[in-house]
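Overview (structure and organization)
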Amino acid sequence: MVREVIVNGLADSESKIRVVSAYVVSKIAHDDFPEDWPNLLDILIAYLKSNSADSVHGAMRVLLEMVKQDISVQQLPQVGPVLLPELYRILTSDNIYSFRTRGRAVNIFSSCVEMLSTLREENPTLAEQYVGPLIPQWLEAFNSILSHHVQDNAEKATEEYGLKMDVVKCIRALSDEYPKFIIEALPKLFEPIWNDIYNLRDRYVQEFVSDSGDVAESFQDSDGNEIGFQSLLYTLFDFVVASSNKKSVRHLFVTPDGHTDFFEQLLYVLIIYMQITQEQAENWLADINQYVADEEEHTFSFNARVAAIDALSSLEETYPTAFFNALSKTAQRHITESNESRAAGNSDWWKIQEASLLAIGRVAEELVEAQNDEYRHVLFDLKGLFDNVVLEDMKATDFPFLQGRAFTFASEFAKVLPAEMASQYVAVAVNALQDPTSGVPVKISAFRALNNYSKYLDAQYVTPYQATIMELTCQLLPLTTEESLMLLLDTLGSSVKINKEVTAQYEQTLTSAVLDVWRRFPSDTIITSYVLDVFEEFAKNSLYYPALCTRSLPFIGEVFTTANTDPVILASAIDLLTALIHFGPSPLPNEFTEQMYPALMQLAWQIPDNEVLQSTQECLKQFLIKDSDHIIRWRDQSGKSGLDYVIHFVAKLLEPTGTESEALFVGDLIVTMIQKTGSSIAPVLPDLLNAVLVRLESTSYQPFIQSLVLIFAQLINSQQDSVFEFLSTTTINGKSGLDILMTHWVDNYESFSGYYTLKVSAIALSKVFLINDPRLQNMKVKGEIVVNPNAGIVTRSKSKKNPDQYTLIPLPMKIIKLLVADLGNSLPTAQGPQEDAESIGDEDGDWEDVGDDNGYSSRLDYNLLSDMLDNLGDDDDEENNPDLKNDPIYQADMKTYLIDFFRNCSAHNTNHFLEICQQLNEDERYILQTSVTPA
């Protein structure tokens, strides 16, 4: 009865009734369609055919939800032939239906196309049979919509923007799923989209950039989507960027001789949209934190300025050489025109110049790289830009945003500034900070510039100003908050690295200032993370370290012993202590173990908080790395040793009643304890490992599984026989420890992460394979997933009732499969024996990324996984352990290791290796054959 009544509301003359009825019908349909409401689709199609705008509106709202959630892939071939013609009729009936209703027709069509594409694996011709004949007429309709413009009605024009946005998104979906149907139409579709971007620029400047313009309004449609001028621009920019590397429009951007006039014009127009709007200028002057946040390279804000910058960056990646040559001419044109505008008395002349510097500055690193590449032939007059524009803009005190941009711009080229410029620019930035007449945007930009100079300029140019930079920063720290404070802390962290001797002379000022910031914002995890970064830089300075400890340890101790302190604050204080330990000497000064260690352990017992416990685990790990002998010798009043404290803490974390998150790093702590305490822990080690197995058996949380498995992986690498005997003779809930470990290990192996962790796990697993023991040979583990071809769309409820099924395979085979996959990941990208053609590109190749041609195409960087791991290892602090880089496992080249491993197994047929290889799939055999067989 409810269904019969509520469906009538879809045709009600009152729009609010239609909207709420559609909501309810969609909710009911989600559970009842099709089994309990088989005629719903017929009712909705009848509404679509009724020619009533009200009925169509109500039905479309329901259909949009149903296509997304309730109509299955299997039903679509039956539904599509009835539904799609009606959608097309509605789309093209512009005199009957609203822009929003027509937009919904486009959205439903897009969803149908995406769903049909999933059928291609099962039946490639079926999907194309339905989609292929329809696309040309839809594209023709799309072209008409994109070429049309509502005149003299701002509200209707904005509604039309919404329809155009839906159309452009649908074209993107078609291009992703059925590229060959778009090839011929793409240039024709590209034209009206580009025309809109080009023609709307004057309106954008008038309504948003000019200080005399009235800002156009945007509104939310009934689905909550933001519809407005800028929203349309985002969509158009995105389309142009996504299309730019497609062969059918490539000629618009580049020719064999270089970039095109169109490419220049596109960059010229994008920079116009990058100008600071009047609203932004007012907001930034009223809220300097907003200015800092919006102007970060990875800002969370989104507007036409940010969208245009993103588009510019993407075009640089696609056509790096052509981009810079086009940008050079574009920037020159803008700067010339801005100077002419200034001479004509236009008060906004500076905005396009600021936008031009922003555009170049955001790709500064890539520009320098391109100019240094003799094969790229990039012609960009940076020196002329600095001499004639940047230096002048640095003096533009009446235009603080332009002056600030000039400061930032110069610093973005800090790595390549000539010696005569370097000192001059640092001095100008410092003077701007000291000048009381400098506007706040200028001071903020000066700090950003000095941050870059401190990081990237040769120290000789910055050292004379280091003390001034540090003092000015410390003076302003108490006066700033939020984003501005983060910028100052980041700048301070960079400046203290310039010269250690100079920094040590200002320890009292620096440490006090940074601890005061921590005291002001102890529970702000973002601010305290910046404080911690600076604190770590202090601790790394051996000249600074003793005084830092004298000033900081009492401060941290006071936090530890203050009653009712927020656990977030306690965790942050523990992190400060960890930094002092990590970068301190070995052994540590006595006050660490005698005073801070017992205070830390008291916290760990008394505060059962996740963050406190996690921070404590890392802190104890650092204690053991730096001062394990002292920990072992230390005794409390009752005679308990420091090691007893750690063991009991670990045992508490491993109790089944605890949570995985609070014990997340216990594996690292246990491994460190075993490595650093040796025979001292031997008597309790079996009980400890038993507790680890109990927790491993009871958890399904992957990061925690990794932490626990790595304990045994490390032991297998160092004490294989004894740990194997322990695992074989230990039983937990009727399962052997060996079975528990290996099942969890191989099931989660591919989810492990971390440079050192991956190496430890792989090498240990290879050693397990080499063990000739029937308990391992006969063990069965999870193999490949069993695919049900008749399953249809798997919903959450279905997956709960019918969880994935897997084959069972012998453990040795699983180990080889995992290690072969590792080896495959370390090989160069290459086509395998039977790669799916679709993964390489459509047969026409039109939607492939543009290949290399005359230096005007994409930057294609193919790196080996092993190379990336090697690079990652240089900065990775996953193991804050000074012994780590001397560890043979850390230094191991995994590609070489695995090839040697497989060759040895093959030569000796270790544990039936050759028979296992015969059962591998084609890709796995291909990897082994191409890498293991000697050339």
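Residues numbered from 1 in each chain as written. Predicted model: local features only at pLDDT ≥ 70, side-chain atom pairs only at ≥ 80, totals over all residues. Heavy atoms only, no water.

To continue, consider helix 11 (residues 201-209). Buried within helix 11 are the following residues: Arg201, Tyr204, Glu207, Phe208 and Val209. Each buried residue of helix 11 lies within a common arc of 155° when the element is viewed along its axis, so the set occupies one face. When the buried face of helix 11 is taken as reference, the exposed residues oriented beyond 90 degrees from it are Asp202 and Gln206. Summarising the contacts, the buried residues of helix 11 are in contact with helix 10 (186-199), helix 12 (229-243), helix 14 (261-273), helix 15 (278-286), helix 17 (304-318) and helix 19 (349-362). (Buried < 20%, exposed > 50% of the residue type's maximum accessible area, 1.4 Å probe, protein only. Helix = DSSP H or I, 4+ residues; strand = E, 2+ residues; numbered from the N terminus. Arc of directions from axis to C-beta. Contact = heavy atoms within 4.5 Å.)

Let us look at the side chain of His744. Residue position: His744 is located in helix 39 (residues 737-748). Residue His744 is classed as buried on the basis of its relative accessible area of 13%. A distance of 3.0 Å separates a polar atom in the side chain of His744 from the backbone oxygen of Ile740. What His744 contacts, discounting residues up to four positions off in sequence, is Leu696, Glu697, Thr699 and Ile705. (Polar contact = N/O pair within 3.5 Å; in protein donor to acceptor, adjacent residues only side chain to side chain.)

Between helix 6 (residues 99-117) and helix 9 (residues 154-177), the shortest axis-to-axis distance is 9 Å and the interhelical angle comes to 10°. By the angle class used here, helix 6 and helix 9 are roughly parallel. For the pair formed by helix 6 and helix 9, the contact residues are Phe99, Arg100, Arg102, Gly103, Val106, Asn107, Phe109, Ser110, Val113, Glu114 and Ser117 on the first element and Lys156, Glu159, Glu160, Leu163, Asp166, Val167, Cys170, Ala173, Leu174 and Glu177 on the second. Of the residues that constitute the contact of helix 6 with helix 9, the class distribution is nine nonpolar, four polar and eight charged. (Axes fitted to C-alpha atoms, helices over the stretch in contact; angles between N-to-C directions. Parallel < 35°, antiparallel > 145°, perpendicular 65-115°, else oblique. Nonpolar A, V, L, I, M, F, W, Y, C, P; charged D, E, K, R; others polar.)

This part is about the pattern of salt bridges. As enumerated under the stated definition, the model contains 27 salt bridges in all. Note that Asp196 and Lys164 form a salt bridge whose closest N and O atoms lie 3.1 Å from each other. You can see Asp196 sitting in helix 10 and its partner Lys164 sitting in helix 9, a full 32 residues away along the chain. With respect to burial, Asp196 and Lys164 carry one shared label: buried. (Salt bridge = Lys/Arg side-chain N within 4 Å of Asp/Glu carboxyl O.)

Moving on, we get to the packing of helix 9 against helix 12. Where helix 9 meets helix 12, the closest approach of the two axes is 9 Å, and the angle between their N-to-C directions is 20°. The orientation of helix 9 with respect to helix 12, classified from their angle, is roughly parallel. As helix 9 packs across helix 12, the resulting crossing turns out to be left-handed. For the pair helix 9 and helix 12, contact is made by Tyr161, Lys164, Met165, Val168, Lys169, Ile171 and Arg172 and by Phe229, Ser231, Leu232, Thr235, Leu236, Asp238, Phe239 and Ala242, respectively. In terms of residue class, the contact of helix 9 with helix 12 is built from nine nonpolar, two polar and four charged. (Left-handed = near helix turned anticlockwise from the far one by under 90°.)

With that settled, consider the environment of Phe592. Relative to the assigned elements, Phe592 resides in helix 32 (residues 590-606). With 38 residues separating them along the chain, Phe592 and His630 place their C-alpha atoms 9.9 Å apart. Not counting the four nearest positions on each side in its chain, Phe592 is found in contact with Tyr545, Cys549, Leu553, Leu577, Leu580, Ile581, Tyr597 and Phe623.

Within soluble globular proteins, side chains that are nonpolar tend to cluster in buried spots. Membership of the largest hydrophobic core comes to 311 residues, with the highest contact counts inside it found for Phe142, Trp745 and Phe902. In contact with Phe902, not counting residues within four places along its chain, are Ile816, Leu819, Val820, Leu823, Phe913, Leu928 and Val932. (Core = buried A, V, L, I, M, F, W, Y, C linked by side-chain atoms within 4.5 Å.)

Residues with a pLDDT of 70 or more make up 89% of the protein chain, whose mean pLDDT is 88. A low-confidence stretch, residues 792-799 stays under pLDDT 50, and its non-local contacts, those more than four residues away or across chains, total eight contacts. In the model, residues 829-880 has pLDDT below 50 throughout and makes 96 contacts with residues more than four positions away in sequence or in other chains. (pLDDT = per-residue confidence, 0-100.)

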